[in-house]
Amino acid sequence: MFKSKLMRSAVVAVMATFAIGSSIPSAPAASKTIELLISADTNVQTLWNTVLIPAFEKEYPGYKVNVTFDRNGLRDAQTFAKIVAAKETRRDPGVDLVDGGIAVRLAQGGLLYRPSPTLMPNLKEVSKKVLAKAAGTIPYRASTVLLAYNSKNVTKVPKTLDEVLAWIKANPGKFSYNVPSGGGSGYSFVQTVVDMNLTADERDAMTTAANKDIQAKWAKGLDTLKELNKYTYGKNGTYPANNAATLNLLSTGEIDMGTVWSDQFASAKAAGTMPAHIKVTAIKSPSLTGGPATLGIPINGANRTGGRLLANFVLSPAMQNAIMASSMKGIPVVNSKKLDQTLFENFKDVDVADMRSPYFPANSDDLKSAWSLNVPGK
Amino acid sequence: MTTTNTVATKEGFAEVKTAKLSTLGFFMALPPVLLIVLFVGLPIFIAFLFSIGYTSGPNRVISIIGQDVYTKENWWGTAQAYTAVIKDERFWPDFALTMVVTFVSTFVVLVMSMGMGLYQRIKGGKIASILSMLSLVPLFVPVVIAAYAIAQFYNGVGFMRTFMAQFGIDFPVITATRNAIILGTIWTSLPFAILMITSGLQSVPNALIETAQDAGASFMRIVRTILIPLAFVPIVIAGTFTAIGIMGSFTVPLFLGPNQPTMLGVEISNFFTAYNRPQQSIVMAFVIFAAASGIAVLYIWANIRSAKQSGRI
């Protein structure tokens, strides 16, 4: 009852927010407060709160970063609506910098400042290919989905997706991936399986625009996923709710293999919640998805200067080193020559520009919906 | 009214005072009414317009963002969003699950709280008080914590399985099943129903029960012909509130239920955020709304009945 009411009123709640917000005078232009919206998991929040923001506030005394945290981007649709509505009504959306997948969506809607090296000098150190991948947003670190496995029980580690699928069938109940709508690691597995039946050109097309014709080719991949129902954890076509649930199943030993985010896995290792015998590997043909984690400066934010200053600061070599050294072991995106070479040693084989991107939002929404129609409980 | 009028004729100011009081009463009742009209009524109305294809005005932004949004084609709108939901393969299993969980859980909750209430009413004593106090504990545990705890208790490495494994029994994993949702909703709805029904049964006068006992009525007969009829209204209220609460539940099915089919509360959220189909999620919300209204009719009927009995109307 409450939830449905909530949903019904969500539309107008957004507008009501603006009706109320409009009576509050907007902050003066030279504001020293930067409104940062983090639409990600808690390890990203920790990175900002313990590493990036303290360093920024030390470097630029007087500035204050105000964080709004939206766990797993559950309220992305509302945030998006808020920024669109603010633009339509020419008001301040209350967001100066966004961290999360929603930034790409905003960029596609023409709601972000195009990042320019003249205003953000540190962008010069980011390769053109990575910038192209970021699609109008500011890449500041990268993460990828990896295959995690229990090294005690998995003797021959799969190297390709076909080998993974064969392993799943040979070891019933020992693999899982989370519901694609609940988190990116499970989503990545689903996209990778349906991508098996798409050509390289079709995969590229799906990352740049909505395309219903190519979507029709998902059927075969979805059938493959449906067949896995008998072999995944529980053997009854149910899947963990989110990224954290998959990590939990791995750490308790209930599953021996699963897809995980590189940064969340590293954070869990650093926190001691992931046993040492759980390891990660990358697979090929096709590889699991990944890419730059990006920032966005809304075109209508009140403190765009502050947003730019903070984004530029995060791209400085010192902060890129700090991201590598942090508990999430973030993958740096700037020219490696500027970085601390001891820290960079772990990442020298990772090429952010070569990572397979997730789909364009409209396609990924459709894939999540198609998965729920065709796979669980069938 | 008659008294006021006679007084008013004697003393001129009393009539004015009554008028003042009624105006005051009106203004005191106004804030909650206005609040509901503005923040619940109006959004529901606008959402309804959106669901039948009115995509301009206040619905413009959401129709730009949402996928598969249907725009009106007739003067009255369009029923396409409704047909899309009805034809969706997820909808009917979800609806069936929601109804099954609602009815099974409400039934079990009512039976259990009747048992508790009767035990306390007939038997009484220290144990009964302790038991009824214990049964209220879930009222003070937030649903999200309770759902997580239940999930931890029954999952693959949960207490039940590890405990049973000591005796060589392979206890089934019941999380991610319909039964787990039923278990969770019973757990969370029980205290309120016990509170309502116990107090309803307590208000039945002792004299009636004792007279029946003296006349040789059996326990079941006392329950059937005295206790239940006299506590009927609280029982109906407990039943309707429990059913409406369960029908719209979100946290328990999200944590404990299968991915698909799921209860409509969860599916609405999936459609709204994950699949970005706001119109369809609103249609589903109206389906729950209609079903809950059906239950609410029972509640109103019981209230009218009790008002008639006490002579208020």
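Residues numbered from 1 in each chain as written. Chains lettered and ligands numbered in written order. Predicted model: local features only at pLDDT ≥ 70, side-chain atom pairs only at ≥ 80, totals over all residues.

(A) Representation of the overall build of chain A. Across its full length, chain A holds 16 helices and eight strands. Over its C-alpha atoms chain A spans a radius of gyration of 21 Å, differing by no more than 12% from the 21 Å that the globule rule assigns to 378 residues. Seen through its C-alpha atoms, chain A measures out along the principal axes to roughly 65 × 55 × 40 Å. Buried residues in chain A amount to 51% of all 378 residues. The contacts in chain A between residues at least 6 apart in sequence include a share of 79% that link residues at least 24 apart. (Helix = DSSP H or I, 4+ residues; strand = E, 2+ residues; numbered from the N terminus. Rg over C-alpha atoms; globule rule 2.2 N^0.38 Å. Buried ≥ 20, exposed ≤ 12 C-beta atoms within 10 Å, placed from the backbone. Contact = placed C-beta atoms within 7 Å.)

(B) Examining the packing of helix 7 (residues 184-195) of chain A against helix 16 (residues 361-374) of chain A more closely. Residues and elements named next belong to chain A. In contact at an axis separation of 11 Å, helix 7 and helix 16 are set at 90 degrees when each is read in the N-to-C sense. Judged by the inter-axis angle, helix 7 sits roughly perpendicular to helix 16. Mapping the contact onto sequence places Tyr187, Val190, Gln191 and Val194 in helix 7 and Ser364, Leu367, Lys368 and Trp371 in helix 16. Broken down by class, the residue content of the contact of helix 7 with helix 16 amounts to five nonpolar, two polar and one charged. (Axes fitted to C-alpha atoms, helices over the stretch in contact; angles between N-to-C directions. Parallel < 35°, antiparallel > 145°, perpendicular 65-115°, else oblique. Nonpolar A, V, L, I, M, F, W, Y, C, P; charged D, E, K, R; others polar.)

(C) Structural view of the interface of chain A and chain B. Every contact between the two is made by 33 residues of chain A and, on the other side, 45 residues of chain B. Mapped onto the side of chain A that touches chain B, the elements with two or more residues apiece are helix 1 (2-21), helix 3 (76-88) and helix 16 of chain A. Of all the elements, helix 1 of chain A adds the most residues to the side of chain A that touches chain B, at ten residues. In terms of residue class, the side of chain A that touches chain B is built from 17 nonpolar, nine polar and seven charged.

(D) Up close: helix 10 (residues 218-228) of chain A. Residues and elements named next belong to chain A. Within helix 10, burial applies to Trp218, Gly221, Leu222, Leu225 and Leu228. All buried residues of helix 10 lie within an arc of 105 degrees about the axis, which places them on one face of the element. In the core, the buried residues of helix 10 are packed alongside helix 6 (161-170), helix 7, helix 9 (212-215) and helix 16. (Arc of directions from axis to C-beta.)

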